[in-house]
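# Observations on the three-dimensional arrangement
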Amino acid sequence: MKKSNMHNISTVGELINKLIDTYRLRSRFTQVRIQNAWDRIMPQAVLNRTRSIYFREGTLTITVISAPLRNELAAMENDLIQKLNLELGETVVERIVAK
């Protein structure tokens, strides 16, 4: 019988992280976490005008259907980054681009 390789992993969290990395799901997992954080911190009026959210390499791209909202999001970029990262529990979002 083959010995288990599980003695190297000490917690369930580490096992989950290893699986996420092994199957190359980290970017999709991060995308979903950011989408959920966005839904929690933003008011319903903003969510109703948000067309799409895309995250890649530290940059969160938000597509909205309102030019005034786009300008307001751009002006609030630093506050939004801070709120999102606080909600996520780690520094993930470095920049926000509103389109």
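Now for a look at the structure at hand. Every value quoted in this text rests on a predicted model; they were computed, and no experiment measured them.

### Observations regarding the pairing of strand E1 (residues 50-56)
- Alignment of E1 against strand E2 (residues 59-64), held across 6 bridges, turns out to be antiparallel. Bridge pairing links Phe55 to Leu60 in E2.
- Between E1 and E2, which pair antiparallel in sequence order, lie 2 residues; one of them, Glu57, sits at a positive phi of approximately 50 degrees.

### A short note on the sheet that holds E2
- The 3 strands lie next to each other as E1-E2-E3, forming an open sheet whose pairing is mixed. Strand pairing shows two members of the sheet lacking a second neighbour, E1 and strand E3 (95-98), which therefore form its edges. Averaged over all adjacent pairs, the angle separating strand axes in this sheet is 15 degrees, with direction ignored.
- Across the sheet, helix H2 (residues 26-41) lies against E1 and E2, angled at about 140 degrees from E1, the strand it touches most.
- Its contacts with the sheet put helix H5 (residues 77-88) on E2 and E3, and the angle it makes with E3 is roughly 125 degrees.

### Observations regarding the pairing of E2
- In terms of strand pairing, E2 meets E3 through 4 bridges, oriented parallel. Note on E3: the bridge partner recorded for Ile62 is Ala98.

### Section: H5
- Across its 12 residues, H5 extends 16 Å between first and last C-alpha, which sits within 8% of the 16 Å expected from 1.5 Å per residue.
- Taken as a whole, H5 has its buried residues at Leu80, Ile81, Leu84, Asn85 and Leu88. Along the axis of H5, the buried residues cluster in a sector spanning 125 degrees; they form a single face. Among the exposed residues of H5, those oriented more than 90 degrees off its buried face are Asn78, Gln82 and Leu86.
- Looking at the buried side of H5, the elements it contacts are H2, E2, helix H4 (67-75) and E3.

Procedures and definitions
Residues numbered from 1 in each chain as written. Predicted model: local features only at pLDDT ≥ 70, side-chain atom pairs only at ≥ 80, totals over all residues. Heavy atoms only, no water. Pairing = 2+ DSSP bridges. Helix = DSSP H or I, 4+ residues; strand = E, 2+ residues; numbered from the N terminus. Axes fitted to C-alpha atoms, helices over the stretch in contact; angles between N-to-C directions. Contact = heavy atoms within 4.5 Å. Expected span 1.5 Å × (residues − 1). Buried < 20%, exposed > 50% of the residue type's maximum accessible area, 1.4 Å probe, protein only. Arc of directions from axis to C-beta.

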